[in-house]
There are 2 protein chains.
Amino acid sequence: MQNENIVISLDAMGGDNAPHSVVHGANLVAKEIPDIKFIFFGNEDKVKPLILKSKFLNKNNYTLVDTKEYVENSDKPAEAIRKKTSSMRLAINSVKEKKAHACVSSGNTGALMVLSKLILKALDGVHRPAIATVIPTVKSGCLCLDLGANVTCDEESLLQFAIMGGAYLTSLDENIKKPVVKLLNIGSEELKGNELIKNTSNLMAQTESINYQGYVEPDQIFDHAADIVVTDGFTGNIFLKSIEGTAKFLTNSFKKTIKQSLLAKIGIIFMIVPGLKLKKTIDPKVHNGAILLGLNGISVKSHGSANASSFYYAILKAYRLAKGDVINKIKTSL
Amino acid sequence: MQNENIVISLDAMGGDNAPHSVVHGANLVAKEIPDIKFIFFGNEDKVKPLILKSKFLNKNNYTLVDTKEYVENSDKPAEAIRKKTSSMRLAINSVKEKKAHACVSSGNTGALMVLSKLILKALDGVHRPAIATVIPTVKSGCLCLDLGANVTCDEESLLQFAIMGGAYLTSLDENIKKPVVKLLNIGSEELKGNELIKNTSNLMAQTESINYQGYVEPDQIFDHAADIVVTDGFTGNIFLKSIEGTAKFLTNSFKKTIKQSLLAKIGIIFMIVPGLKLKKTIDPKVHNGAILLGLNGISVKSHGSANASSFYYAILKAYRLAKGDVINKIKTSL
């Protein structure tokens, strides 16, 4: 691993649009970032031709590891674990072996989480790693965790999530000094919520190393009521899937309306340019890439349906987290 | 209470747009439904002039009870309870006293819930009343409960929610015979979720009176994966507020884009007609009106920001539930 470059391992076979999305996404990143190198893990027959057609990928910034085995979307974690030479596993392994600074995959979420935990292992002192991702808000985005790694959590784990979230944000932007932490709850008043939330709130309020400012309700997050929102994995997953479901439902309903109406079809032509601008602001693609925080290595989960431009953002996130030395920042802050 | 008419009590002072929204909403309903009567509870000086201007309200279909006291949005439930002649309290009282079949209020949610429980009381055998409302789906809507009345629930209560939900749907539409019940969870596989969910799933699967079909994830609800979705009040409230927050965030972002772009402003002109059609399909207004199921009386909570056309739907819901004899249907089914 060369010091001057950030090396990112890519599971070239994971995701609905792989390997195209992976190779083209990497190409987009390489165009912008000179100090990045890629290791592709995937079927050479499928991946190599795509790489050769990519203008910004060349022998100086990539290597390709041929593997014919890969994790299917339908694989249970146990099945994924048995595939010793899967593209996903080899990509994570390369991070463990310090051949890469981070890995990115659009593949099977459960498998990636289990393999990442198994191979990279939790950092010393971390009770439970947490899935963290950014939710779009009126002011860029809000880091939310845990979004599904732990069905139940205790107070100590939730406090660690807040601390790890702080390390994540400062590793991306050194100007962020005291990110506002809030706990996800069903009301803002002190008396609301279950025992776990009340106890965690007390614990966080007593912890000087975080800037805890009380409860936040799901709808307030979009107004950027906090920089970091902490919750248990069950509630976080309900929250995340509710957002995704609503956004998809509204978008599909809107598309259906346009399809059914000539007037709307004419109208939409005028809206292409402003619409693209809107998409840039609120498109979840921009925030693509969830990370399992608390592991001894960076493993980024890109959305399963990511296309090249979406995968580009996931690689960018892995690159910035590696460059910002997130793992050591977490170690120091815990 | 005359048998031939359905009498609905209205808290004319509750909600951001009261009393306008309440009186105009009632007027819209009176225009359509001949066998309805209203009892308005509110400040006569403010309400009477609005009623007199309403074409479809006349001395045959309304009475007005003058009260100068009302529950503020900022009132804690305890404060609301102390207001013995508030418009909200009197409206609920009228249901208790069988002067009305149902009451509707856009006022303070917490106060309405507490007062409704206090005055109407839980039906015999009901462990815990639950807040139920309809979430828009590709196929009309899905009844979800509990959405916030009970922070923690046990298996028996969740089972009752499913049974009461069934009574709700059949009272609105007698053609609905075996509504599909699912439990809200973070995965569809059997092993997913916490102990409460797994135990409830087992209990529901053994209960022949409901058509239980397993777990549902939040994003699947919009595809109408179930007719009834059951969850505890904490998870349900997170779910509801996540949906509301996302919808508001996307709508506001869209509006902002149009405001900032001349092209978009031109485009939107073409989209007014199809847009209205879209709004009719997915507008949450159509489903306005949550009910505290399990009480000995119908108390409908309209959205606090409801305007007249939105309040119209809440009244309509109260009317249909009363007409369908939902309380007796719940009694029989439990």
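In this text, all values refer to a predicted model and were calculated from it rather than measured experimentally. (Residues numbered from 1 in each chain as written. Chains lettered and ligands numbered in written order. Predicted model: local features only at pLDDT ≥ 70, side-chain atom pairs only at ≥ 80, totals over all residues. Heavy atoms only, no water.)

**Remarks on the confidence of the model for chain A**
All names here are of chain A.
Right, so step 1: Mean pLDDT over chain A works out to 90, with 91% of the residues at or above the 70 mark.
Right, so step 2: Confidence, read as mean pLDDT per element, is least for helix α11 (residues 272-282) in chain A (66) and greatest for strand β9 (residues 228-230) (98).
Right, so step 3: If you check the scores for this complex, the pTM reads 0.88 and the ipTM reads 0.86. (pLDDT = per-residue confidence, 0-100. Helix = DSSP H or I, 4+ residues; strand = E, 2+ residues; numbered from the N terminus.)

**Describing the packing of aromatic side chains**
The way to describe two aromatic rings as a pair is by their centre distance and the angle between their planes.
Right, so step 1: Counted under the stated rule, the structure contains eight aromatic pairs over all chains.
Right, so step 2: Ring centres of F38(A) and F40(A) lie 6.0 Å apart, and the angle between their planes is 45°; on these two criteria the pair is classed as tilted. Here the two residues F38(A) and F40(A) agree in accessibility, since each one is buried.
Right, so step 3: Plain terms: the ring middles of Y312(B) and Y313(B) are 4.9 Å apart, the flat faces sit at 80° to each other, and that makes the pair edge-to-face.
Right, so step 4: Cluster of aromatic residues (ring-pair linked, three or more members): F38(A), F40(A) and Y62(A). (Phe/Tyr/Trp six-rings, centres within 6.5 Å; stacked < 30°, edge-to-face > 60°. Buried < 20%, exposed > 50% of the residue type's maximum accessible area, 1.4 Å probe, protein only.)

**Considerations on the environment of A100(B)**
Right, so step 1: Looking at the secondary structure, you find A100(B) in the loop between α4 (87-96) and β4 (102-105).
Right, so step 2: Once the C-alpha coordinates of A100(B) and L10(B) are considered, the two residues, 90 residues apart in sequence, prove to be 9.8 Å apart.

**Comments concerning the pairing of strand β3 (residues 62-66) of chain B**
Residues and elements named next belong to chain B.
Right, so step 1: Strand direction decides the pairing type here: strand β2 (residues 36-42) and β3, joined by five bridges, are parallel. Directly across from F38, in β3, lies its bridge partner Y62.
Right, so step 2: Handedness of the crossover joining β2 and β3 through helix α2 (residues 44-52): right-handed. (Pairing = 2+ DSSP bridges. Right-handed = clockwise from strand over helix to strand, strands pointing away.)

**A word on the layout of surface pockets**
Residue and element names in this part refer to chain A.
Right, so step 1: Estimated volume of the second largest pocket: approximately 540 Å³.
Right, so step 2: Around the second largest pocket sit 20 residues that line it, and V134, S140, L172, H287 and R320 are the ones nearest its centre.
Right, so step 3: When contributions to the lining of the second largest pocket are tallied by element, the ones reaching two or more residues are β6 (141-145), α6 (155-172) and α12 (308-323).
Right, so step 4: By residue number, the principal contributor to the lining of the second largest pocket is α12, which donates four residues.
Right, so step 5: The residue makeup of the lining of the second largest pocket, split by class, is ten nonpolar, five polar and five charged. (1 Å grid on protein atoms, 1.4 Å probe; cavity = no way out; pocket = protein on both sides within 12 Å on 5 of 7 lines; lining within 4 Å. Points joined across faces, edges and corners; volume = space filled by probe spheres on them. Nonpolar A, V, L, I, M, F, W, Y, C, P; charged D, E, K, R; others polar.)

**Quick notes on the nonpolar core**
Right, so step 1: With 208 residues, the main nonpolar core has I8(A), F38(A), F40(A), I8(B), F38(B) and F40(B) as its most contacted residues.
Right, so step 2: When sequence neighbours within four positions are dropped, the list of residues in contact with F40(A) reads L10(A), A12(A), V22(A), V23(A), A26(A), V47(A), I51(A), L57(A), Y62(A), T63(A), L64(A) and V65(A). (Core = buried A, V, L, I, M, F, W, Y, C linked by side-chain atoms within 4.5 Å. Contact = heavy atoms within 4.5 Å.)

**A word on the packing of helix α1 (residues 20-32) of chain A against helix α2 (residues 44-52) of chain A**
All names here are of chain A.
Right, so step 1: Following both chains from N to C, one finds α1 and α2 inclined at 30°, their axes separated by 10 Å at the closest point. When the axes of α1 and α2 are compared, the pair comes out roughly parallel. Crossing angle aside, the handedness with which α1 passes α2 is right-handed. For the pair formed by α1 and α2, the contact residues are H20, V23 and H24 on the first element and V47, L50 and I51 on the second.
Right, so step 2: Tallied by class, the residues present in the contact of α1 with α2 amount to four nonpolar, two polar and no charged. (Axes fitted to C-alpha atoms, helices over the stretch in contact; angles between N-to-C directions. Parallel < 35°, antiparallel > 145°, perpendicular 65-115°, else oblique. Left-handed = near helix turned anticlockwise from the far one by under 90°.)

**Examining the side chain of K317(A)**
Residues and elements named next belong to chain A.
Right, so step 1: On the secondary structure map, K317 appears in helix α12.
Right, so step 2: The side chain of K317 sits in the buried core without any salt bridge; E244 is the nearest counter-charge, 12 Å away.
Right, so step 3: K317 has contacts with T133, V134, Y168, H287, N288 and G289, leaving out every residue within four places of it along the chain. (Lys, Arg positive; Asp, Glu negative; His and termini not counted. Salt bridge = Lys/Arg side-chain N within 4 Å of Asp/Glu carboxyl O.)

**Examining helix α1 (residues 20-32) of chain B**
Residues and elements named next belong to chain B.
Right, so step 1: Helix length check: α1, at 13 residues, gives a terminal C-alpha distance of 19 Å against a target of 18 Å (1.5 Å per residue), a fit within 8%.
Right, so step 2: Considered for burial, the residues of α1 that qualify are S21, V22, V23, G25, A26, N27, V29 and A30.
Right, so step 3: On the buried face of α1, the contacting elements are β1 (6-11), β2, α2 and α12 (308-323). (Expected span 1.5 Å × (residues − 1).)

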